[in-house]
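One letter stands for each residue in the lines below.
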Amino acid sequence: MEPLVSELKRQLEDENLSPEQKVNLLNKGLNRALNMAAVQTSSSVLITVKSQLYLSGVLRHCVRLLSLDPRRLRGNWSAAATLAQLTSSCCVGLEPGERSEAFHRLFLPSLMDALLSLASQLMRRSESLFRKVMDSVGWLLRAHTQLTTQVLSSAHYEQIQMCDDVTVSLLCVQMWSQTCTASSDFLSGLSDDSALLLLNEAVGQLAVSAEPAVGGASIRLILLMASQLELRLQPLLRSFRGLDSLLDKDWRGRGFDEDVDQLIALIQSAESTAYTERVRAACVIQAAWRSFQTRRRVKSLNRAVSTLQRRYRARRRQQQQQKEAQHWEEELKYQVCVRRQQARRQFHQKQRQLLQLLPPDQVQSYLQECERRAAVLIQSVWRGFRERRRYNNTHRHTLRRTHTQQQAAMTLQRAVRRFLQKRRAAKAPPTSAFWIGQNDLTDSRRVELKRQVEEYIAVHPSSCVSRQECERLHEEVQLLLLSELQRGEQHRREEQRRDALLAHTHTQLELLRDAPPLSVVTATDAESFLSPSGPVSARARDSHNAMLQASRLPWWKTLGDTDTIDTSDSAHLRQLEAELGGLYIGGSAAPVTFKVV
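Criteria and cut-off values
- Residues numbered from 1 in each chain as written.
- Predicted model: local features only at pLDDT ≥ 70, side-chain atom pairs only at ≥ 80, totals over all residues.
- Heavy atoms only, no water.
- Salt bridge = Lys/Arg side-chain N within 4 Å of Asp/Glu carboxyl O.
- Helix = DSSP H or I, 4+ residues; strand = E, 2+ residues; numbered from the N terminus.
- Buried < 20%, exposed > 50% of the residue type's maximum accessible area, 1.4 Å probe, protein only.
- Patch = residues over 30% accessible without salt bridge, like charges linked within 9 Å, V, L, I, M, F, W, Y side chains within 5 Å.
- Areas by Shrake-Rupley, 256 points an atom, 1.4 Å probe, with all protein chains shown as cover.
- Phe/Tyr/Trp six-rings, centres within 6.5 Å; stacked < 30°, edge-to-face > 60°.
- Contact = heavy atoms within 4.5 Å.

Sorry if this is basic, but what is going on with the pattern of salt bridges here?
Proximity of charged atoms lets side chains of opposite charge pair with each other. A full pass over the atoms with the stated rule returns 13 salt bridges. Here Arg451 ties to Glu455 by a salt bridge, and the two come within 2.8 Å at their closest N and O atoms. Of this pair, Arg451 and Glu455 are both found in helix α18 (residues 443–459), four residues apart, which corresponds to roughly one turn of the helix. Its relative accessible area of 40% is what places Arg451 among the partly exposed residues. With a relative accessible area of 42%, Glu455 lands in the partly exposed category. Arg487 serves as the salt-bridge partner of Glu484, at 2.5 Å between the closest nitrogen and oxygen. One end of the pair is Glu484 and the other is Arg487, both in helix α19 (residues 467–514) and three residues apart, which spans about a single turn.

What's the story with a nonpolar patch on the surface in this structure? I'm lost.
Among the surface-exposed residues, Val416, Phe419 and Leu420 lie close enough to one another that they form a single nonpolar patch of about 270 Å² accessible area. Assignment of secondary structure puts Phe419 in helix α17 (residues 363–427).

Help me understand the packing of aromatic side chains in this model?
When we look at a pair of aromatic rings, we describe it by the centre distance and by the angle of the planes. Enumeration over the complete set of coordinates arrives at three aromatic pairs. Aromatic side chains Phe103 and Phe107 sit 5.6 Å apart centroid to centroid with 20° between the ring planes, which places their arrangement in the stacked category. Placement of the pair is Phe103 and Phe107 together in helix α6 (residues 100–122), with a separation of four residues, close to one helical turn. Taking the relative accessible area as the measure of exposure, Phe103 reaches 0% and is therefore buried. Seen in terms of ring centroids, Trp382 and Phe385 are 5.8 Å apart; in terms of plane orientation they differ by 40°. Their pairing is tilted. Of the two residues, Trp382 and Phe385 are both situated in helix α17; the distance of three residues between them amounts to about one turn of the helix. By relative accessible area, Trp382 is classed as partly exposed at 45%.

Explain the environment of Leu83 to me, please; I cannot follow it from the model alone.
With respect to the helices, strands and loops of the structure, Leu83 is situated in helix α5 (residues 77–91). Overall, Leu83 belongs to the buried group, its relative accessible area being 1%. For the pair Leu83 and Leu66, spaced 17 residues apart in the sequence, the C-alpha separation amounts to 8.0 Å. Beyond its immediate chain neighbours, meaning those up to four positions away, Leu83 contacts Val23, Leu26, Asn27, Leu30, Cys62, Leu65 and Leu66.

For this particular structure, what's the right way to read helix α4 (residues 58–66)?
A turn of α-helix holds 3.6 residues, and therefore any two residues three or four places apart point the same way. Burial analysis of α4 places seven of its nine residues in the buried class, which makes it a mostly covered element. Within α4, the full set of buried residues consists of Val58, Leu59, His61, Cys62, Val63, Leu65 and Leu66.

Any link to function would need more than the numbers given here.
Here it is in structure tokens:
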């Protein structure tokens, strides 16, 4: 058999063969090898042939051809179905040996996916070929139950389920029924999730389909699962609520009423069992809780009794105190009423005695006077009450108005202060950096600060830039700062020269404007005009007057008026004075110079 398998593998490796030719070659080779092995008396020969087909890679070629696009097979569906049947029969009873893990985890799932894909293509083309492929799927499921979950959750099997053809649905249900009937250990080897998926398949057919054949097959499949799984199926059936009403309403009178009644009884027994279990669980929980409460109550009985007695005595004492207080209050009210009656009686007796003493003609006037006094008293009491109420209302309104005014004043003051603060901040000169203008920084202090900086850098080295890079950056910054300072010094000199030239020009213009006409000019006037002492004195006088006016200004007007002219460069100032003939150059430290000719 080994030469036959080797020859078949060599022919399949020919690249000139088309997929259709490879399918026909595999059908002939596999059929010949299986028939020759089946003729042998020993069953181990067939197992050996199947193992050689898998280990040599022939079965992988089968899976690869079954997974191809149907258009590449050129409609040769019969050959593809035959190849699927032969491949599945080769995988049943195969012993992969050392490659067992790869066979079960990789090869079998890929083969099952290819078979389901082929079945989804054949379900609308040929019923016989679809039945043949589904039989192949059933053979694989009987031999390898771990593929059940893959089949039920496959996308190709979902397409088969959504088909409207009654024959397709019936074949699917019959495949599962035959698989469960052929292998008694099939359902027992399934996990709860796989069994739930299979049960969901059968219940879904009952809910979707209306054909008696499909419904009867689905009900028989559920009953078969119940007979094999027994108690494992009851909690799974409880997941489908309303299934008994669906069976009673839609599937009676279809020719299988006994099966329907049996399934309804099974569902109701599962529900009653679940209800009994819930009742038993509730009783256990209640018994545990009540025993816990009883034990806790017994433990705290002494404390509860003492607490109850203490509260009872406190309540009784409080009731006695309330009764005594009520008795004293009633006694006080009674004494007040008695004394009030006695006073009223004495007042009336005294009034009768006074009326008896009065002459008859003065009784009427006396009674009117009493009424007037009573009216005055009532009016005074009423007016006092009214004025007090009016005063309280007015006082309350005044307090509310005062509070409102205070709140408004606070809001206005807050807004004004914020405005003044912003205005002062806008007018205030920008603050210079803290290292500018440090006059008290001596050489020793500078050395100490430099030492502290170096120690800090040594203790806390930078994680991003090295010391050499920092020194290079420091030198570049120093060069840029030096160039910027030199450029600023040059700008200041140019500005100082421009201001000096403008001052000299203005002085000359003032002298020319004040000069006498040429017809009356004398030699002395001409000499004084040609001498630079006059412009120098005039400029000095103007500068002196300006300084006096600036000194008389209030302090708040001199804020921000700082001298920006650098007078430290005496050589530059002397050069300007020599160029302009001794003209005064204003500054903060330079004195006024005159040149006498």
